[in-house]
Amino acid sequence: QVQLVESGGGSVQPGGSLRLSCTASGSTLENYSIGWIRQAPGKEREAVSCVLGRDGSGYYADSAKGRFAISIDTAKTTVYLQMNSLKPEDTAVYYCAISGPQSLDYRDYMYWGQGTQVTVYS
């Protein structure tokens with residue numbers, strides 16, 4: 001019965017950085033995979049990254065590799081997504097969500113936060 005709350009979104013210029021946070025309550029994230037999934041108008045929903053709560057192993061979509069870094073804190077209650085070298089195409093609402101297995105398929109995620117807006121403008 002974990003609840004998720006995202007924060008850290010905002011507006012940046014291309015090339016800028018943001019760090020998103022996803023904080024859990026009701027449970028730790030030890031037994032879950034946690035994904036960051038973005039939704040932009042007119043685009044397919046995309047899981048950009050996920051992390052395994054048990055060991056912190058991170059995985060990335062091709063669109064995020066080399067620019068984004070996912071991590072989980074030692075208490076396993078907060079997941080971060082560090083986003084560097086941001087591009088206009090990164091503009092979206094970013095959600096954190098939890099699933100059982102490691103997955104970069106958004107359909108595998110069952111519990112979602114409310115989302116946080118990321119806007120990359122030029």
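Above this text is the structure in question.
Residues numbered from 1 in each chain as written. Predicted model: local features only at pLDDT ≥ 70, side-chain atom pairs only at ≥ 80, totals over all residues. Heavy atoms only, no water.

Take the sheet that holds strand β8 (residues 78-83) next. Taken in spatial order, the 4 strands line up as β1-β3-β8-β7 in an open sheet, and their pairing is antiparallel. Because the sheet does not close on itself, it has two edges, and the strands there are β1 (3-7) and β7 (68-72). Averaged over all neighbouring strand pairs, the angle between strand axes comes to 15°, with direction disregarded. The sheet contact formed by β7 and β8 spans 5 bridges and is antiparallel. In the strand pairing of β8, Ser71 is matched with Tyr80. (Pairing = 2+ DSSP bridges. Helix = DSSP H or I, 4+ residues; strand = E, 2+ residues; numbered from the N terminus. Axes fitted to C-alpha atoms, helices over the stretch in contact; angles between N-to-C directions.)

Here Glu89 is to be found in the loop between β8 and β9 (92-99). Through-space distance from the C-alpha of Glu89 to that of Tyr32 is 29 Å; in sequence the pair is 57 residues apart. If we skip the residues at most four places from it in the chain, Glu89 touches Arg38 and Lys43. (Contact = heavy atoms within 4.5 Å.)

The subject of this paragraph is the packing of aromatic side chains. Going through the model one piece at a time under the given rule, you end up with 1 aromatic pair. Summarising the aromatic geometry, the rings of Tyr95 and Trp112 are spaced 5.7 Å apart at their centres and angled 70° between planes, so their arrangement reads as edge-to-face. Highlighted residues: Tyr95 in strand β9 and Trp112 in strand β10 (residues 111-112), separated in sequence by 17 residues. What makes Trp112 partly exposed here is its relative accessible area of 29%. (Phe/Tyr/Trp six-rings, centres within 6.5 Å; stacked < 30°, edge-to-face > 60°. Buried < 20%, exposed > 50% of the residue type's maximum accessible area, 1.4 Å probe, protein only.)

A word on the state of the cysteines. Per the stated rule, a full pass over the model turns up 1 disulfide. The side chain of Cys22 participates in a disulfide bridge whose partner is Cys96; the two sulfur atoms lie 2.0 Å from each other. Here the S-S torsion is close to 70°, and the disulfide linking Cys22 with Cys96 is therefore right-handed. Here Cys22 is found in strand β3 (residues 18-25), whereas its partner Cys96 is found in strand β9, with 74 residues between them in sequence. The exposure class assigned to Cys22 is buried, which follows from its relative accessible area of 0%. For Cys96, a relative accessible area of 0% puts it in the buried group. Between Cys50, a cysteine without a disulfide, and Cys22, which holds the nearest cysteine sulfur, the sulfur-to-sulfur distance is 13 Å. Judged by its relative accessible area of 0%, Cys50 falls in the buried class. (Disulfide = S-S within 2.5 Å.)

Side-chain alternation along strand β11 (residues 116-120) places Thr116, Val118 and Val120 on a buried face and Gln117 and Thr119 on a face that remains uncovered. Alignment of strand β2 (residues 10-12) against β11, held across 3 bridges, turns out to be parallel. Bridging from a neighbouring strand, Gly10 pairs with Val118 of β11. Summarising the sheet, β9 and β11 pair through 3 bridges and their orientation is antiparallel. Paired with Val93 across the bridge in β11 is Gln117.

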